[in-house]
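# Close look at the chain arrangement
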Amino acid sequence: MLDRPGWAPKQIDLNRPNAARMYDYLLGGGCNTAADREMAKRLVARMPQVKETVRLNRSFLRRVVSFLVGQGVTQFLDIGAGIPSVGNVHQLAQGLDPECRVVYVDNDPIAVAYAEPVLKDNKLAAAVLADFRSPDQVLNAPAVRSLIDFDQPVAVLTLMMMHYVPDSADPARLMGRYRDALAPGSYVAVSHPSFTGAHGELLADAEAVGEIVHEAVEPLNLRGADDLLRILAGFEPVPPGVVHLPLWRPDSTADIGRHPERSLVYGVVAAKP
Ligand SMILES: C[S@@+](CC[C@H](N)C(=O)[O-])C[C@H]1O[C@@H](n2cnc3c(N)ncnc32)[C@H](O)[C@@H]1O
């Protein structure tokens, strides 16, 4: 495994677990260290469904990109993109339409450092170090400005990222800043942990999870369907609206299973009218 990979910036402590690398490990990727794996294993021991959750989230991502390309969207701004793993947005989108442009944004230098070599031969994709909470920084990043035409529809993806944005940062206001920058016909896609079932009942012990991952991860802000609709004010959710991940436009390969709520995560795609 890559315990001192050449791409890792020197100032980054690889002995300290990192959220993006832990997520990479849970996805079966190779960009993680012993510290990440140890913490991820403790997380899985406490909450075994987490592996299924990340798998269902990537399946949601695949269906979302396919839906959006089907709607004619060829520009993607993937905020909180994480470390590139199998089935990345640029691979999915450009596999459907080679003209698709994709900019990955993450506020973790590790995620961006790993993305850069993966994308170096791809003229229509780039990775940017920026923070969702600073819309000006994201929207004015040189790679964003050179690859994305904001006069044309854009899909903003924030998958499994918004739960790192606390209410005190006002995610609805931030999302409004992105909405205002987008042309009509643009979309936003969100997946967001709730840890709740169909009737709001808690299906996982958020506190215990928080105790395990606090060293690597900002406190988790779990949100329900109504919270997501509030954050997406001014966008119109496309059917089926906010649903547990497996229920969002399942295709022949999507695994709805008997208990879709055990994904613990809601997904929604919404359009700017
Ligand atoms: C759980 S990963 C999700 C990766 C990918 N979007 C997916 O769903 O498979 C969350 C990513 O969001 C990034 N992140 C967290 N807060 C962020 C912020 N405020 N701005 C940009 N990225 C952020 C983390 O660094 C991490 O790489």
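Counting starts from 1 at the beginning of each chain's written sequence and moves along it residue by residue. Only residues with pLDDT of at least 70 get local features here, since the model is predicted, and only at 80 or more are side-chain atom pairs given and counted; chain-wide, interface and lining totals rely on the full set of residues. Here the side-chain values reflect all heavy atoms present in the structure, with hydrogen atoms and water set aside.

### Focus: the layout of surface pockets
Counted as a void, the largest pocket has a volume near 1000 Å³. Forming the walls of the largest pocket are 48 residues, and the residues nearest its centre are A19, A20, M160, Y164 and V217. Helix numbers and strand numbers start at the N terminus; a helix is a DSSP run of H or I with at least 4 residues, a strand a run of E with at least 2. Those elements giving two or more residues to the lining of the largest pocket turn out to be α1 (19-26), α3 (50-70), β1 (75-79), β2 (101-106) and α9 (206-213). Its residues assigned to classes, the lining of the largest pocket comprises 31 nonpolar, 7 polar and 10 charged. In the cavity and pocket records, a cavity denotes points on a 1 Å grid over the protein atoms alone where a 1.4 Å probe fits but cannot get out, a pocket denotes an open set with protein on both sides within 12 Å along at least 5 of 7 lines, and lining residues are residues with an atom within 4 Å of a point. Grid points are joined across faces, edges and corners, and a volume is the space filled by probe spheres set on the points. Under the convention adopted here, Pro, Cys and the residues Ala, Val, Leu, Ile, Met, Phe, Trp and Tyr are nonpolar, Asp, Glu, Lys and Arg are charged, and Gly plus all remaining residues are polar.

### Focus: the packing of α1 against helix α2 (residues 34-46)
Working convention: axes come from line fits to C-alpha atoms, limited for helices to the stretch in contact. Angles between N-to-C directions cover 0 to 180 degrees. Remark: α1 packs on α2, axes separated minimally by 9 Å, with the N-to-C direction vectors making an angle of 65 degrees. Crossing of α1 against α2: the hand is right-handed. Between α1 and α2, the residues in contact are R21, M22, Y25 and L26 and D36, R37, M39, A40, K41, L43 and V44, respectively. Its residues assigned to classes, the contact of α1 with α2 shows 7 nonpolar, no polar and 4 charged. The handedness criterion is simple: a crossing whose near helix is rotated anticlockwise from the far helix by less than a right angle is left-handed, and one whose near helix is rotated clockwise is right-handed. Contacts are assigned to residue pairs that have any heavy atoms within 4.5 Å of one another.

### Here we look at the site of the ligand
Close to the ligand lie 18 residues; Y23, N57, R58, G80 and D106 are nearest. Two N or O atoms count as a polar contact when they lie within 3.5 Å, although within protein this holds only if one can serve as hydrogen donor and the other as acceptor, and sequence-adjacent residues are included solely when both atoms are side-chain atoms. N57 is positioned with one of its side-chain polar atoms (N or O) 2.7 Å from an oxygen atom of the ligand. Measuring from a nitrogen atom of the ligand, one finds a backbone N or O atom of F132 at 2.9 Å. Exposure was quantified through the Shrake-Rupley algorithm and a 1.4 Å probe, taking into account, for residues, occlusion by the shown protein chains and nothing else. Relative to its unbound accessible surface of 600 Å², the ligand loses 95% to contact with the protein. Put plainly, a molecule is in a cavity or pocket when over half of its atoms are within 2 Å of the grid points there. In this structure the site holding the ligand corresponds to the largest pocket. Every element with two or more residues in the shell around the ligand is listed here: α1 and α3. Partitioned by chemical class, the residues of the shell around the ligand number 9 nonpolar, 4 polar and 5 charged. Working definition: residue near molecule or strand if any one of its non-hydrogen atoms lies within 4 Å of it.

### Here we look at unusual backbone geometry
Residues P239 and P240 are joined by a peptide bond in cis, for which omega reads 10 degrees. Unlike most non-glycine residues, M160 shows phi in positive territory, near 50 degrees. Although it is not a glycine, L264 adopts a positive phi angle of roughly 70 degrees. By secondary structure assignment, the location of L264 is in the loop between β7 (243-244) and β8 (265-271).

### Considerations on the environment of F60
You can see F60 is positioned in helix α3. Exposure categories follow from relative accessible area, calculated using a 1.4 Å probe and restricted to protein chains: below 20% of the type maximum is buried, above 50% is exposed, and the middle band is partly exposed. Here F60 falls in the buried class, since its relative accessible area comes to 0%. A C-alpha to C-alpha distance of 12 Å links F60 and T158, two positions 98 residues apart in sequence. Residues in contact with F60, not counting those within four places in the same chain, are L159, V190, S191, L245, W248, G267 and V268.

### Some points on the packing of α3 against helix α4 (residues 89-96)
Running from amino to carboxyl end, α3 crosses α4 at an angle of 35 degrees, the nearest separation of the two axes being 10 Å. As for how α3 packs across α4, the hand of that crossing is right-handed. Residues L61, R62, V65, S66 and V69 of α3 pack against V89, L92, A93 and L96 of α4.

### Structural notes on the pairing of strand β3 (residues 125-129)
Counting buried positions along β3 gives 4 out of 5 residues, so the element sits mostly inside the fold. Here the rule is simple: two strands pair whenever DSSP picks up at least two bridges between them. Where β2 lies against β3, 5 bridges are found, and the strand directions are parallel. Its bridge partner being in β3, D106 is matched across the sheet by L129. Classification remark: right-handed applies to a crossover when, strands pointing away from the viewer, the course from the first strand over the helix to the second runs clockwise. You can see the chain leave β2, run along helix α5 (residues 109-119) and come back into β3, and the turn it takes is right-handed.

### Quick word on α9
Taken residue by residue, α9 has A208, V209, I212 and V213 as its buried positions. Along the axis of α9, the buried positions cluster into a sector of 120 degrees, meaning they face one direction only. Exposed positions of α9 whose direction lies more than 90 degrees from the buried face are E207 and E211. Considering only its buried residues, α9 is in contact with α1 and α2. Directions are taken from the helix axis to each C-beta atom, and the arc is the one they span.

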